[in-house]
Structures are given as structure tokens and as C-alpha cells.
Amino acid sequence: MDSTKRAGVGLALSGGGYRAMLFHAGALWRLNELGWLPKLTTVSGVSGGSIAAGVLAHAWSKLWFGEDGVAENFGKEVVQPLRKLARTTLDIPVTLKAMCIPWRSAGEELALRYAKHLFGDCCLADLDPAGPRFVFTATNLQDGTLWWFSREAGPNGRVRLATAVAASSAFPPMLSPVVVPDPLGSGRKIVLSDAGVYDNLGLDPIENQHAVVLVSDAGKKMKTEENPHRSWPLQLLRVLTVMDNQVRSLRTGSLLKAFKDHQFAGTYWATYSDIENFELPDALPAPVARTHALAETKTRLCRTPENVQEQLINWGYAACDAGMRKWVDPAAVPPKDFPYPGSGVG
């Protein structure tokens, strides 16, 4: 797309289980303080990022934005529900329940849990039309393409928000698939899995659409193994991990090159970022050894200790602040402290 035709602000929230959900909660917290939430045109969520985006979408009509663009009740309406969910283990109970009910997939069971804990019967079409366009992506296992759920997506708008978020976070093979009717009315079923299989950053709905692109990345890097397993199944798993890591690296590299070439404005922050690389003398203290430990938090939907929750939120807040003040909003006032000052980043 011609850069002159790009408009608005897009925000991408990556996958990464509860780790990503909490890291993005901190990033959204800082974006709210900076008055940037009302400026968002599109919010794209993947997997754990879709949970955070879903809660923001569900809460949007309840947020009280002042003239400065700051919602004073953001903590109550967005952070508190996310932290409540982070106290609940979903992945193992959902998998076991699905094994006992063969006619219901784990992904469909996951949707029921999201409805119970977060979204109720809210449909995509019920989301506040005055808010940003929220896009929840999933991977179509039938043709390998990216599937979009949004309020404006025709018949897809009647899909429940819980189903869209579950499809986006249906990590294979244990939490996958989610099956939905073809919105074109063909009568066939669409079989969906975690969006991270295709694009863990959630770039597709925003990268070539907006003048400003903000990316919050809580994806986990592949670990080095000095002696990879030689058995066929474990070797295959390792090969798939290498392929996934390569795709993510290419996506990230392409994004950073686009920033460098001024194809669009924006910034990128990640759990693996070194805050010193932003070169801000007043950035919040985030020693890289501690933040890298947080980046290694397991990619699961399982109960997260209170202190780890606060540290992940603090780190997302600090990383977003550094990225925004360095590259997007340099006139912004630095934060006085972390959202949870006593926890730091570990």
C-alpha cells in the first residue's frame, strides 16, 4: 500500500499465553496514561494478546476517558479482570474436560471458560462502535491462511467474543481446534487454531494499513540445545520449533526494517528488549538479567503467582514507556514509578 494512503494508529499484541497477556496489560496501562488509547484505530490480538485485547474491547464502553484521553477506571475495568484470570489455570482442566467429552473440542471448551470468566454472551457485533477496530486472528488449518474475527466482518460479527479469543489462543495440539460455521453460508465448518502458528506478532491487520504501528511482543525465543534429541518424534518437534523461530525472526526483522526505511512511524518493544538500548536517561530501572528471566516465563494458561503478575505488568509498562517516548511521543512526561512499585521487574 502507498504510504501516503496509510492513516491512523495500529497496535499489535503478540501471543505468549498468560505471560503475554500480563506484559500487554502493562503496555496498555502506559498507553492509557499517555492518552493514546483513544487514538488507536485498530487493535490486533494474537493468542495471549487476544485475551488482553478482548478484555479491552469488552470494557471499552465502560471506560471514562477524560479530555486528556486517559481513562481513570482503566485499572478496574481492564487490569483487574486480566489479573483475576491469571489466578486461574485453564490449559490442563480444559484439555482433560475435552478428553472426557469427545464431541466437544478443547478449543470449544476454552471458549466456554473465557465466556464464564471474562466475556459472557457478548458477541463481536456488540462491541462499542465508537472504539477501535478489534481484530482477533486465528490460523485456518484447512488452507493455512490467517482468519480474522472483527465487529465489522459481516456474519462473523455474530460470533461470540469468547469464541474469537479462544480460536486465536487455541494452542495446538492440546487446546485446538475451534470450529465455526462458514460465514459465507456454504454449510461447511471452518477449523481454526492458534494465530501464532501463522503470525505470532499480529502484524497482518495493521502493518500495511496504518501510518503509526505499535507492536508489543511477548513471544518466547527458542532455547539453545547442545545435544538435540535424535529420536524421530522429538527431532521433529525441534525442527518445527526451528521453523517457528525462523518465521518470527523474519517477521520482526521485516518490521524493524520498515521502521528504519520510514515506511511508517511507530515503535516495537518486547519482553527480550534491553531497556538501555532505548537510550533514555529517565527510563524505569529494568536490569536485562531480570527482564530476560521474565521473558522466559512458561507459555501457558496457568495460575501465575501474584509477584510474577506484577513484575510482568511492570515490565510491559516500562518497555512500552521507553518505546513510546523514544520513537513516538518524545514530549511525554516520564513515569514516576512502576504500577506496582514494590515488585519492580524481579
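Bear in mind that the values here come from a model prediction, so they are computed numbers and not experimental data.

A. Summary view of the pattern of salt bridges. For the structure shown, the criterion picks out 18 salt bridges. With a shortest N-O distance of 2.7 Å, E109 and R104 are connected by a salt bridge. When the shortest N-O distance is used, the salt bridge between R113 and E109 registers 2.9 Å. You can see R113 and its partner E109 sitting in helix α5 (residues 106-119), four residues apart, about one turn around the helix. One network of salt bridges, with partners in common, ties together R30, E33, D282, D321 and R325.

B. Fine view of the nonpolar core. Of all hydrophobic cores here, the largest spans 91 residues; its most connected members are I51, Y114, F136, F149 and W269. Sequence-distant contacts of W269, that is, excluding residues within four places in its chain, are made with L11, F23, A27, L214, V215, S216, D217, F278, A319, C320 and M324.

C. Broad picture of the environment of A138. Tracing the chain through its elements places A138 in strand β3 (residues 133-140). In contact with A138, not counting residues within four places along its chain, are T145, L146, W147, F149, A167, S168, L192, S193 and A195.

D. Structural detail: unusual backbone geometry. P172 connects to P173 through a cis peptide bond whose omega is -5°. Along the chain, the position of P173 falls in the loop between α6 (161-168) and β5 (178-181). The amide bond that connects S176 to the next residue, P177, takes the cis arrangement and shows omega of 0°. With respect to the helices, strands and loops of the structure, P177 is situated in the loop between α6 and β5. In this structure, S47 is a non-glycine residue whose phi angle is positive, near 50°. As for its placement among the helices and strands, S47 is situated in the loop between β2 (42-45) and α2 (48-59). Taking the relative accessible area as the measure of exposure, S47 reaches 7% and is therefore buried.

E. Representation of the packing of α2 against α6 in the model. Put simply, α2 and α6 touch, their axes get as near as 9 Å, and they point 165° apart. Viewed along their axes, α2 and α6 adopt a mutual orientation that is roughly antiparallel. α6 is crossed by α2, and the crossing has right-handed handedness. The segment α2 lies against α6, with S50, I51, G54 and H58 engaging L161, V165 and S168.

F. Up close: the side chain of N314. Here N314 is to be found in helix α9 (residues 306-327). N314 gets classed as buried once you look at its relative accessible area, which sits at 0%. When neighbours within four sequence positions are excluded, N314 is seen to be in contact with F338, P339, Y340, S343, G344 and V345.

The rules behind each value
All residue numbers refer to position in the chain's written sequence, counted from 1. This being a predicted model, a pLDDT of at least 70 is required before a residue's local features are given, and a value of 80 or more before pairs of side-chain atoms are given or counted; all residues contribute to the totals for chains, interfaces and linings. As a rule here, side-chain values cover all heavy atoms of the structure and leave hydrogens and water aside. Take a side-chain nitrogen of Lys or Arg and a carboxyl oxygen of Asp or Glu: if they are within 4 Å of each other, that pair is a salt bridge. Only runs of H or I of at least four residues qualify as helices and only runs of E of at least two qualify as strands under DSSP, and these elements are numbered from the N terminus. Throughout, nonpolar core names a set of buried Ala, Val, Leu, Ile, Met, Phe, Trp, Tyr and Cys residues whose side chains join them through atoms within 4.5 Å. Whether a residue is buried, partly exposed or exposed follows from its accessible area with a 1.4 Å probe, protein chains only, as a fraction of its type maximum: under 20%, in between, or over 50%, in that order. Every residue pair with non-hydrogen atoms within 4.5 Å of one another is taken to be in contact. Geometry is summarised by axes, namely lines fitted to C-alpha atoms with helices restricted to the contacting stretch, and by angles between N-to-C directions that run from 0 to 180 degrees. Orientation categories follow fixed angle ranges, with anything under 35 degrees roughly parallel, anything over 145 roughly antiparallel, 65 to 115 roughly perpendicular, and all other angles oblique. For any pair of crossing helices, the crossing counts as left-handed if the nearer helix is rotated counterclockwise from the farther one by less than a right angle, and right-handed if it is rotated clockwise.

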